[in-house]
Amino acid sequence: GLAAFLVTGLLVTLASRFAYQSTGFVGSSANLASDRVQKVACRGIDKAMKERITSVQKTGKLTDAMRLVAAAKVRRAQDGVEKARPFSDELQGMIKGLVKKLKGSGLEQEL
């Protein structure tokens, strides 16, 4: 009688709780909790991914700026070399002329 009824009721209660937890019926608290955790995790990943993307973009902008500065410095150095070339050519010509004049005097050894 009564004992069998209570045992049957207990088994039905336990079975129903197990079924709700394992299958995750719509509206069950287990299903809502797992959805919340997944959404938070996805938002955290999305936020981290956005921060990483902005970080890479900023690094790219800095690299481009540094490349422009380096190119300007190379251009300035090249301009300086080109401006000094006539002076250098003239100086080399003078040294060659001196060496030719001193060829027979024995002083060319010291040059």
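Remember, predicted model here, so these are calculated numbers, not experimental data.

**As for the overall build of the protein chain**
Moving on, step 1. Scanning the protein chain for helices and strands turns up 2 helices and 0 strands.
Moving on, step 2. When each of the 111 residues of the protein chain is scored for burial, the buried share is 1%.
Moving on, step 3. For the protein chain, the accessible area works out to roughly 10300 Å², and carbon and sulfur atoms hold 65% of it.

**Here we look at a nonpolar patch on the surface**
Moving on, step 1. Judged by side-chain polarity, Phe87, Leu91, Met94, Ile95 and Val99 come together as a nonpolar surface patch covering roughly 480 Å² of accessible area.
Moving on, step 2. By the secondary structure assignment, Phe87 is in helix α2 (residues 29-101).
Moving on, step 3. Residue Phe87 is classed as exposed on the basis of its relative accessible area, which comes to 60%.

**Details of the confidence of the model for the protein chain**
Moving on, step 1. Chain-level pLDDT for the protein chain is 76 on average; 56% of the residues reach the 70-or-more range.
Moving on, step 2. The low-confidence segment residues 30-35 (pLDDT under 50) makes 3 contacts with residues lying over four places distant or belonging to another chain.

Rules behind the numbers
Residues numbered from 1 in each chain as written. Predicted model: local features only at pLDDT ≥ 70, side-chain atom pairs only at ≥ 80, totals over all residues. Heavy atoms only, no water. Helix = DSSP H or I, 4+ residues; strand = E, 2+ residues; numbered from the N terminus. Buried < 20%, exposed > 50% of the residue type's maximum accessible area, 1.4 Å probe, protein only. Areas by Shrake-Rupley, 256 points an atom, 1.4 Å probe, with all protein chains shown as cover. Patch = residues over 30% accessible without salt bridge, like charges linked within 9 Å, V, L, I, M, F, W, Y side chains within 5 Å. Salt bridge = Lys/Arg side-chain N within 4 Å of Asp/Glu carboxyl O. pLDDT = per-residue confidence, 0-100. Contact = heavy atoms within 4.5 Å.

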